[in-house]
Amino acid sequence: MELRDYLMPGEYILAVFNNLSISPGDFNGLAVTNKRIILFNTNLGINKLLRRNRPGDIKNLKSTFFKDTPMIQMEVHEKSWGRRELISLTRYVKLLRSDGSYQYSPDGIIGIITPKVNGPRLSEIREVLESALKTMASEIEYNYSEKDKAQIIKFILRPSE
């Protein structure tokens, strides 16, 4: 089955990136829709050789739905001595404190994305992710970590209806 066969009613694809290395799960593709982030693997090998200009069939996928996620943190790590450039996406949950206020706490890694040599540039991936998440965010925080050489962007998502 192709990626479009996995879409829900009212869902549409904003961007698809292939030829990536995404962990955990060893995925090789990323799709951003209006409702979720999808990590997937496509069948490679002889199938890809026979169907040159057609997308491969999806053999494995993992989704993070925006409606179930109150905050997503995106860390964009720069290339520096001994470090690869990468994007790390983390899902957060909203916890109620005893004083009635809220705090966000990490709930799990969505994925750590590193482009392969002949894959898309990291700046392209960042631009699409940032643009998609901005449209769904009620608040955005930008920070820079000198220690990690990383731009940290927190997208606090609007509650779904």
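Everything below is about the structure printed above this text.
The present account deals with the structure reproduced in this document. (Residues numbered from 1 in each chain as written. Predicted model: local features only at pLDDT ≥ 70, side-chain atom pairs only at ≥ 80, totals over all residues. Heavy atoms only, no water.)

**Thoughts on the sheet that holds strand β3 (residues 36-42)**
- Strand order in the open sheet formed by nine strands is β4-β3-β2-β1-β7-β6-β5-β9-β8, with antiparallel pairing between adjacent strands. For this open sheet the edge positions go to β4 (58-65) and β8 (137-145), each flanked by a neighbour on one side alone. Mean inter-strand twist for the sheet, computed between neighbouring axes without regard to direction, equals 25°.
- By the bridge criterion, four bridges tie strand β1 (residues 13-23) to strand β7 (residues 102-115) in an arrangement that is antiparallel. Bridge pairing links Ser 23 to Ile 112 in β7. (Pairing = 2+ DSSP bridges. Helix = DSSP H or I, 4+ residues; strand = E, 2+ residues; numbered from the N terminus. Axes fitted to C-alpha atoms, helices over the stretch in contact; angles between N-to-C directions.)

**What to know about the packing of aromatic side chains**
- Going through the model one piece at a time under the given rule, you end up with zero aromatic pairs.
- A cation over a ring is seen here: Lys 94 above Tyr 102, with NZ or CZ 4.5 Å from the ring centre. (Phe/Tyr/Trp six-rings, centres within 6.5 Å; stacked < 30°, edge-to-face > 60°. Lys NZ or Arg CZ within 6 Å of the ring centre and 35° of its normal.)

**Describing the environment of Glu 146**
- Tracing the backbone through its elements, the reader meets Glu 146 in the loop between β8 and β9 (150-157).
- A polar side-chain atom of Glu 146 sits 2.3 Å from a polar atom in the side chain of Lys 149. (Polar contact = N/O pair within 3.5 Å; in protein donor to acceptor, adjacent residues only side chain to side chain.)

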